[in-house]
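# Structural features, examined
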Amino acid sequence: METQLVLSGQELGIPDGETLVGAWKKSLEVEPRQKLFSFDGREIDRGTFLDLTSKTASDLANSGLVPGDRVLISGENSLDLIVAHVACLRLGLVVVPVNSSYREAELEFLIEDARPAAALVDQKEWHGLLNSTDSDLFVSSIAVKAKSGPMPDLDHAKPEDPALIAYTSGTTGKPKGAVHSQRSLLAGALSVVRAWEWTESDCLLLCLPLFHIHGMGIGLHGTLLAGGSAVIQKGFDKDSIFSEISENKCSMFFGVPTMYHRLVDDERLSQLAALRLCVSGSAPLPADLHQQLKDKGGVDILERYGTTETMLTISNPYSGERRAGSVGFPLPGVEIQIDPESKEILVRGESVFKEYWSKEQETNESFQEDWFKTGDVAEVTDDYVSINGRIKEMIITGGLNVYPQEVDEVIQLHPDIAEAAVSGTKSQEWGEEVVAWIVMEEGINSIGIDEVRKYASQYLASYKIPKRLVIVKELPRNSLGKILRHELKEKGVIDGK
């Protein structure tokens, strides 16, 4: 029987009693006039930011909120959103970040599941719905209106106190709320600050959404912890990326593969090479795109891996080989284990969440002793970890396992195909059949299944090759660029044999 492979990062060494908000306060009180954030032509320094978050926390407390209450926050990236988020954490409230593009049914689900005491949202159309859903709910815009009253005690949360309920992306079912404590959020941010040598001299260009662990738990929390600065953008805009880099002397950029796809053919790509660090995550970065960025613009992307439940856990090295197709080594404070049979990644460490909100059974099922079962499949070569897909997305055809990501990457190499994603559909003969959904390159209208199969046969065993295909205008993705494979199964007219 194979032994389980365990890899460990360096010790994190967080002092007893330290919390996320406590560490932030220590960082921000030094040189209070130093610039912290800029957004849409507005700048604020560390001291002003602390004052604003104190005032907003007071307004929330005088509106009736008390430590431990859950607060739903949703809106476009803005300074007001950042102030509200930090104010909630300083008061000891539990933040529930929500995707601003959610529809009514999705919002109703979160309200019913999280049962917040307040909702700070900028979407005016949500206010009526929120009030009708729960008449006791305190509903406000993110820029909370002033409430007179005494200043509450701030920054007194304990390390084990809940601070965030981050809902999973729901790629395999209803989202679940991963409960993070002050301690786990601190550990998640501190691990990357150390691994990526993040300092107060760094300026991060941050266009990732602040409702997600990547943008919020790493980009925002890391900036505050390191004492650096950040240029905040409402979202990804290619032209403004390049202009902000030069105007603000940015040193870091965090993105997702979709962003890098849009940047790789831009004549200004080499400007990214002037940054000391470009990070990609939230979805797999194709190895060929990694190489194109390097060849065309001299941009050596650092790819990393994490989950909503664990924060970031694995990263290519800041100093050392950033291997294309790999996510690297365990971060400080993290241990990973590869199950010898399923090849699933199991994670243990201070950044791992403790439970799914109000879901004891799902929590218990997600842990093997004290190891969190990520559901992601990996392999290790020379201590570098590579992600091969998800167990739940795995296709079993004729008793053989097919990992969709492997097939995706091969099909996308075809010169006429821009993007591809495969999924399993039910088959009486095979149990499941491999089916490909593809987006054609601009100017190419169609391609036959025989051509796809012939091309794929150069790289894949016969059982992995798609038996049928669907040509679509775009692949269904969530807001962070992850392919929603369950939607591939739900729509599309399949051609082929």
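Residues numbered from 1 in each chain as written. Predicted model: local features only at pLDDT ≥ 70, side-chain atom pairs only at ≥ 80, totals over all residues. Heavy atoms only, no water.

### Some points on the state of the cysteines
Applying the stated rule across the entire model yields 0 disulfides. Of all cysteine sulfurs in the structure, the one in Cys250 sits closest to Cys278, which takes part in no disulfide; the separation is 11 Å. (Disulfide = S-S within 2.5 Å.)

### Considering the pattern of salt bridges
One pass over the full model with this rule turns up 23 salt bridges. A salt bridge links Glu200 to Arg46, with the shortest nitrogen-to-oxygen separation between them at 3.7 Å. In this pair, Glu200 is assigned in the loop between helix H6 (182-195) and strand E10 (203-206) and Arg46 in helix H2 (residues 46-61), connecting sequence segments 154 residues apart. Taking relative accessible area as the criterion, Arg46 reaches 1% and is therefore assigned buried. Connected through salt bridges with shared partners, the residues Lys238, Asp239, Asp266 and Arg268 form a single ionic network. (Salt bridge = Lys/Arg side-chain N within 4 Å of Asp/Glu carboxyl O. Helix = DSSP H or I, 4+ residues; strand = E, 2+ residues; numbered from the N terminus. Buried < 20%, exposed > 50% of the residue type's maximum accessible area, 1.4 Å probe, protein only.)

### Some points on empty space enclosed by the protein
In this structure the tally under the stated criterion is 3 cavities of 30 Å³ or more. Approximately 70 Å³ is the volume attributed to the largest cavity. Lining the largest cavity are Ile73, Ser74, Gly75, Asn77, Leu81, His85, Val95, Pro97, Val98, Leu210 and Phe211. Those elements giving two or more residues to the lining of the largest cavity turn out to be strand E4 (70-74), helix H3 (79-91) and strand E5 (94-97). Within the lining of the largest cavity, the residues separate by chemical class into 7 nonpolar, 4 polar and no charged. A volume near 40 Å³ is recorded for the second largest cavity. For the lining of the second largest cavity, the leading source of residues is helix H1 (residues 20-28), giving 4 residues. Classifying every residue of the lining of the second largest cavity by side-chain character gives 5 nonpolar, no polar and 3 charged. (1 Å grid on protein atoms, 1.4 Å probe; cavity = no way out; pocket = protein on both sides within 12 Å on 5 of 7 lines; lining within 4 Å. Points joined across faces, edges and corners; volume = space filled by probe spheres on them. Nonpolar A, V, L, I, M, F, W, Y, C, P; charged D, E, K, R; others polar.)

### Side note on the packing of aromatic side chains
Enumeration according to the criterion identifies 10 aromatic pairs in this entry. With a centroid separation of 4.4 Å and an interplanar angle of 50 degrees, the aromatic rings of Phe329 and Tyr384 are classed as tilted. Remark: Tyr384 occurs in strand E22 (residues 384-390) and Phe329 occurs in strand E16 (residues 329-330); sequence separation between them is 55 residues. With relative accessibility at 28%, the residue Phe329 sits in the partly exposed group. The interplanar angle of 55 degrees and the centroid separation of 4.8 Å between the aromatic rings of Phe353 and Tyr356 together place this pair among those described as tilted. (Phe/Tyr/Trp six-rings, centres within 6.5 Å; stacked < 30°, edge-to-face > 60°.)

### Observations regarding the pairing of strand E21 (residues 371-381)
Pairing of strand E18 (residues 344-349) with E21 involves 3 bridges; the strand directions are antiparallel. Pairing of Val347 across the sheet is with Phe372, part of E21. Both strand E20 (residues 367-368) and E21 contribute to a ladder of 2 bridges, which runs antiparallel. Note that in E21 the partner of Gln368 across the bridge is Trp371. Adjacent in sequence and paired antiparallel, E20 and E21 are bridged by 2 residues, among which Glu369 carries a positive phi angle near 60 degrees. Pairing analysis gives 6 bridges linking E21 to E22, with the strands arranged antiparallel. Directly across from Glu379, in E22, lies its bridge partner Ser386. Taking the residues that link successive antiparallel strands as the turn, the E21-E22 hairpin has 2 residues, and the phi of Asp382 there is positive, at about 55 degrees. (Pairing = 2+ DSSP bridges.)

### Observations concerning the packing of H1 against H3
Two elements in contact, H1 and H3, have axes whose closest approach is 9 Å; the angle formed by their N-to-C orientations is 115 degrees. Viewed along their axes, H1 and H3 form a crossing whose handedness is left-handed. Along its contact with H1, which presents Leu20, Val21, Trp24 and Lys25, the element H3 presents Val86, Leu89 and Arg90. For the contact of H1 with H3, the class distribution of residues is 5 nonpolar, no polar and 2 charged. (Axes fitted to C-alpha atoms, helices over the stretch in contact; angles between N-to-C directions. Left-handed = near helix turned anticlockwise from the far one by under 90°. Contact = heavy atoms within 4.5 Å.)

### Things to note about the nonpolar core
Core analysis: the largest hydrophobic core is formed by 110 residues, its most contacted members being Phe37, Phe49, Phe253 and Leu272. Among the elements that make up this core, the one with the highest residue count is H3 (10 residues). Residues in contact with Phe49, not counting those within four places in the same chain, are Leu28, Leu36, Phe37, Ile44, Ile82, Val83, Val86 and Leu224. Judged by nonpolar contacts, the second largest core, of 21 residues, contains Ala119, Leu130, Ile165 and Trp357. (Core = buried A, V, L, I, M, F, W, Y, C linked by side-chain atoms within 4.5 Å.)

### Quick word on the layout of surface pockets
In this model, the second largest pocket occupies a volume close to 430 Å³. Lining the second largest pocket are 21 residues, and of these Pro209, Gly235, Phe236, Met259 and Ser479 sit closest to its centre. In the lining of the second largest pocket, the residues fall into 8 nonpolar, 10 polar and 3 charged.

### Section: the sheet that holds strand E15 (residues 311-315)
As a general point, the strands of a sheet are linked pairwise by backbone hydrogen bonds and lie either parallel or antiparallel. On the basis of which strands lie adjacent, the open sheet formed by 9 strands has the order E3-E2-E11-E10-E12-E13-E14-E15-E16 and mixed pairing. Whereas interior strands pair on both sides, the edge strands pair on one side only; in this sheet they are strand E3 (42-45) and E16. Helix-sheet contacts for helix H8 (residues 238-248) involve strand E2 (35-39), E10, strand E11 (229-232) and strand E12 (252-255), and the interaxial angle to E10 is about 165 degrees.

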